[in-house]
Amino acid sequence: MAVLVTGGAGYIGSHMVLALLDAGQDEVVVIDDLSTGFAWALPPEVTLVQGDMGDQALVAETIRRHKVDAIAHFAAKIVVPDSVTDPLGYYLNNTVKSRALIETAVREGVRHVIFSSTAAVYGEPAVVPVPEDLPTNPINPYGRSKLMTEWMLADAARAHGLATVVLRYFNVAGADPRGRSGQSTPNATHLIKVATQAALGTRSHMEVFGTDYPTPDGSCLRDYIQVSDLADAHLVALNHLRGGGESLTLNCGYGQGYSVLEVIQVVKEVSGRDFEVRLSPRRPGDPSRIVAEAERIRGLGWTPRHDDLRAIVSQALAWEGSLATRNQR
Ligand code: UDP
């Protein structure tokens, strides 16, 4: 049976594809519109269907042709500030198209769905580390666009016999330790990516968005999870579902928070490069601190292998360097 990975040519999706193949999954099919992903991010044995995961005829055809038994749904827009300026675009991509995908899964008899959700569903959590059963209260359109999909999945699971694992990602960073994939989006906005670009000189400086938060050094606290560890969490979820397990919601993080200023310091130390850091006003939509309580997923057998911020930064630097070489070719 094949696994269909939506958004499999993107950053996290491409690491999922590698994890599936490394684990011996014989058929992996990717559907991706290549809006932010890259066909070259995929190994040759993977089938790429270039198109929209909300295109029901295309997805149904793909499911039938490849005998798909599980869908890992990554395809989404993920930039919080963009969701503030373009909420309807985010609701279309992340919510409306997900509805179409879920309906296609139900119609075609695909019983297992793994969904890429986000810690943004918690908003500004009252408790840190955040347990999964904390009431959700997203503070930006991105978080709401994902939470609505969580709700649709839960309702569809009850009504139509799906089994789903919702993975709430904290801050994903780093790259495949073997250098096969990484964060390739040219205009990426995520902290570690931006800081590695500043270290390598592909951008002249970087900004810290907000230094007046109620945190020890005034900058925001986040829980940075390495991307291959996150992909492994999906394998745990897939095995759980294929083994007949019930629907679950799982935080994906390490349970350790780092401030923006701490991350920048680590990037400077690991790269051995100094770069200009401007202290700027807060960015709309950012919660001050968000750290996972991740016991539930560990209880399912997930054992992270890369829980080390310095290693994550070093992978990100290596990938950024290889991208610069690729772009020069
Ligand atoms: N951030 C920053 N400068 C940047 C990019 C991000 O200060 O160039 C901050 C951002 O305001 C947030 C944290 O880093 O407090 C993590 O942001 P990111 O965009 O990486 O992930 P998010 O938490 O929004 O999903």
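Criteria and thresholds
For every chain, the first residue of its written sequence is number 1, and the numbers climb from 1 along that sequence. Since the coordinates come from a predicted model, pLDDT governs what is reported: local features require at least 70, and pairs of side-chain atoms require 80 or more to be given and counted, while whole-chain, interface and lining totals use all residues. UniProt positions are given in the numbering used here, feature names are shortened, and annotations may be inferred rather than shown by experiment. For the purposes of this entry, the term helix denotes a DSSP run of H or I that reaches at least four residues, the term strand denotes a run of E that reaches at least two, and both are numbered from the N terminus. Counts of 20 or more other C-beta atoms within 10 Å of a residue's own C-beta define buried residues, counts of 12 or fewer define exposed ones, and intermediate counts define partly exposed ones; C-beta atoms are placed from the backbone. Residues are defined as contacting one another if the C-beta atoms placed from their backbone atoms lie within 7 Å. For each residue, a C-beta atom is placed from the backbone, and the residue is labelled near a molecule or strand when this atom is within 6 Å of it. Residues were grouped as follows: Ala, Val, Leu, Ile, Met, Phe, Trp, Tyr, Cys and Pro as nonpolar; Asp, Glu, Lys and Arg as charged; and all remaining residues, including Gly, as polar. Here, expected helix span is obtained from the residue count minus one, scaled by 1.5 Å. In this analysis, strands are considered paired if DSSP registers two or more bridges between them. All axes here are fitted lines through C-alpha atoms, helices being fitted over the stretch that makes contact, and every angle between N-to-C directions spans 0 to 180 degrees. In this document the domain limits rely on a domain assignment from an automatic tool or a database. When buried Ala, Val, Leu, Ile, Met, Phe, Trp, Tyr and Cys residues are joined through C-beta atoms within 7 Å, the set is termed a nonpolar core.

Novice: Explanation requested: the UniProt feature "domain: NAD-dependent epimerase/dehydratase" (unreviewed entry) in the chain in the structure shown.
Specialist: Taken from the UniProt record, the annotation "domain: NAD-dependent epimerase/dehydratase" (unreviewed entry) applies to residues 3-253. In the segment residues 3-253, helix accounts for 39% and strand for 20%; the C-alpha atoms at its two ends are 24 Å apart.

Novice: How do you make sense of the environment of Ile63 when you look at a structure like this?
Specialist: Locating Ile63 in the fold gives a position in helix α2 (residues 56-66). For Ile63, a count of 22 C-beta atoms within 10 Å corresponds to the buried category. When the C-alpha positions of Ile63 and Gly285 are compared, they lie 37 Å apart, and in sequence the two are 222 residues distant. Excluding anything up to four places from it in sequence, Ile63 contacts Leu4, Val68, Glu108 and Val110.

Novice: I keep staring at the site of the ligand and nothing clicks. Help me out?
Specialist: The immediate surroundings of the ligand are formed by 15 residues, with His190, Leu191, Val194, Phe209 and Cys220 found nearest. Every element with two or more residues in the shell around the ligand is listed here: α6 (191-200) and β8 (205-209). Top contributing element to the shell around the ligand by residue count: β8, with four residues. Residue composition of the shell around the ligand, by class: eight nonpolar, three polar and four charged.

Novice: Teacher, can you tell me more about helix α1 (residues 11-22) here?
Specialist: Structural remark: α-helix, 3.6 residues per turn; residues separated by three or four positions point the same way. End to end, α1 covers 17 Å across twelve residues, agreeing with the expected 16 Å (1.5 Å per residue, within 8%). A large share of α1 lies buried, amounting to ten of its twelve residues. Positive phi appears at Gly24, one or two residues downstream of α1, with a value of about 95°.

Novice: What is the right way to read the sheet that holds strand β9 (residues 221-222) from this model?
Specialist: Two orientations exist for strands paired in a sheet by backbone hydrogen bonds: parallel and antiparallel. Spatially, three strands are ordered β12-β9-β14 in an open sheet, and the strand pairing comes out mixed. Looking at the sheet topology across the chains shown, the edges are occupied by β12 (258-259) and β14 (289-290). Here two bridges tie β9 to β14, and the two strands are oriented parallel to one another. The partner of Arg222 across the bridge, within β14, is Ile290.

Novice: Just checking my understanding: could you explain the sheet that holds strand β2 (residues 28-32) for this structure?
Specialist: Taken together, seven strands build an open sheet; the order of strands is β3-β2-β1-β4-β5-β6-β11 and the sheet is parallel. Among the strands making up the open sheet, the edge pair consists of β3 (47-50) and β11 (248-252). Each neighbouring strand pair of the sheet contributes to a mean axis angle of 20°, computed without reference to strand direction. Two elements, strand β1 (residues 2-6) and strand β4 (residues 68-73), share five bridges in a ladder whose sense is parallel. Of the residues in β4, the one forming a bridge with Val3 is Ala70. The sheet strands contacting helix α7 (residues 227-242) are β4, β5 (112-118), β6 (163-169) and β11, and the helix crosses β6 at an angle near 165°.

Novice: What should I look at first to understand the domain arrangement of the chain in this one?
Specialist: Often the size quoted for an interface is simply the accessible area lost on bringing the parts together. Each assigned domain of the chain is listed with its residue range as follows: domain 1 (2-173 + 223-252) and domain 2 (191-222 + 255-328). Each of domain 1 and domain 2 has a C-alpha centre, and the two are 23 Å apart. In this assembly, 31 residues from domain 1 lie in contact with 29 residues from domain 2. Taken together, the elements giving at least two residues each to the side of domain 1 that touches domain 2 come down to α3 (80-85), β7 (171-173), β10 (224-226), α7 and β11.

Novice: Please explain the nonpolar core as it appears in this structure.
Specialist: Across soluble globular proteins, you tend to see nonpolar side chains buried next to one another. The biggest cluster of nonpolar side chains holds 96 residues, and the ones touching the most others in it are Val30, Leu167 and Cys252. Not counting chain neighbours up to four residues away, the residues in contact with Val30 comprise Val5, Gly8, Ala9, Val17, Leu42, Val46, Thr47, Leu48 and Val49.

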